[in-house]
Structures are given as structure tokens and as C-alpha cells.
Amino acid sequence: MEKRNISQSSPVVMKATSKLSSRGQVVIPAEIRKTLGLTEGDDLTFIVNQDGEVKVEVTKKYRLSQLIGILKTNQPFRPIEEIRDEVYRTMGAKELKDGEEN
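These figures come from a predicted structure and were not determined experimentally.

*Asks:* Describe the overall build of the protein chain, naming the residues involved and giving the relevant values.
*Replies:* A tally of regular secondary structure across the protein chain gives three helices and three strands. Residues classed as buried in the protein chain amount to 10% of the 102 residues present. A sequence separation of at least 24 residues applies to 36% of the contacts in the protein chain between residues at least 6 apart. About 9,500 Å² of surface is accessible on the protein chain, with carbon and sulfur atoms providing 55% of the total.

Written as C-alpha cells, this is what we have:
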């Protein structure tokens, strides 16, 4: 997961206003969401220091499919179907072996 920090004490890069709803909800303005690359499901952690300054940590959540290719390797990637078949064969062989020992 990737974390991004935004603090009120850092130089202002962008400023936007939002209102607190009666249910305690805040809409993050579109320009802020776009700048931070926020999408549905991302976690926001609010940290308040003794001076009342608010720091927001953004934790991006990625789908596994978005992470394919992120690790560098000299080995070519195998198709998922090939890996799944190998796992099933290995599990099946183990089950047969375990059944023979009883």
C-alpha cells in the first residue's frame, strides 16, 4: 500500500473548501481527489496534534491485477491457468498419497 501525507503545516500547494454534513461526512473536492489520485476504497487517517493541526495520511488500496509487473524478475510470467493447474495437480497427488497411508 502506498501512503501519502498531507499536512497543514507544509507549504500550501492547493486549497479547497468543503462542508461537514449533519452526519459528520465531508466531501473531498474533486481537484484534491484528482491531485492525490484518490479512488473509492482508499483509506484516510486523520491525525490531530496538540496544536490542533490536522495531518491526513492516504493509504491507497490496489487490486492485485494493478500490481502485476511491479516486481522485476528475469523469469517470464506464467499464465494464471498454468499455475492453477499445477497447484491442483500437486494438491491432488498429495491427497492420493495421504489416502494410501491410511
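Let us keep going from here.
*Asks:* Go over a nonpolar patch on the surface, please, and point to the residues and values.
*Replies:* Taken together, the side chains of Tyr 62, Leu 64, Leu 67, Ile 70 and Leu 71 make up a nonpolar region of the molecular surface, amounting to roughly 550 Å² of accessible area. If you trace the backbone, Leu 67 turns up in helix H2 (residues 64-67).

*Asks:* Lay out the pattern of salt bridges with the relevant residues and their values.
*Replies:* Enumeration over the complete set of coordinates arrives at three salt bridges. Note that Asp 42 and Lys 60 form a salt bridge whose closest N and O atoms lie 2.8 Å from each other. Placement of Asp 42 in the loop between helix H1 (30-36) and strand E2 (43-48) and of Lys 60 in strand E3 (residues 54-60) is noted, with a sequence separation of 18 residues between them. Comparing Asp 42 with Lys 60 shows no difference in burial state: the two are buried. A salt bridge links Arg 78 to Glu 82; its shortest N-O distance comes to 2.9 Å. A cluster of three or more residues bridged by salt bridges with shared partners is formed by Arg 78, Glu 82 and Glu 86.

*Asks:* I'd like to hear about the pairing of E3, residue by residue, with values.
*Replies:* Sheet faces and side chains relate simply in a regular strand, where the side chains alternate between the two faces. A large share of E3 lies buried, amounting to five of its seven residues. The sheet contact formed by E2 and E3 spans six bridges and is antiparallel. Looking at the pairing, Thr 45 lines up with Glu 57 of E3.

Procedures and definitions
- Residues numbered from 1 in each chain as written.
- Predicted model: local features only at pLDDT ≥ 70, side-chain atom pairs only at ≥ 80, totals over all residues.
- Heavy atoms only, no water.
- Helix = DSSP H or I, 4+ residues; strand = E, 2+ residues; numbered from the N terminus.
- Buried < 20%, exposed > 50% of the residue type's maximum accessible area, 1.4 Å probe, protein only.
- Contact = heavy atoms within 4.5 Å.
- Areas by Shrake-Rupley, 256 points an atom, 1.4 Å probe, with all protein chains shown as cover.
- Patch = residues over 30% accessible without salt bridge, like charges linked within 9 Å, V, L, I, M, F, W, Y side chains within 5 Å.
- Salt bridge = Lys/Arg side-chain N within 4 Å of Asp/Glu carboxyl O.
- Pairing = 2+ DSSP bridges.

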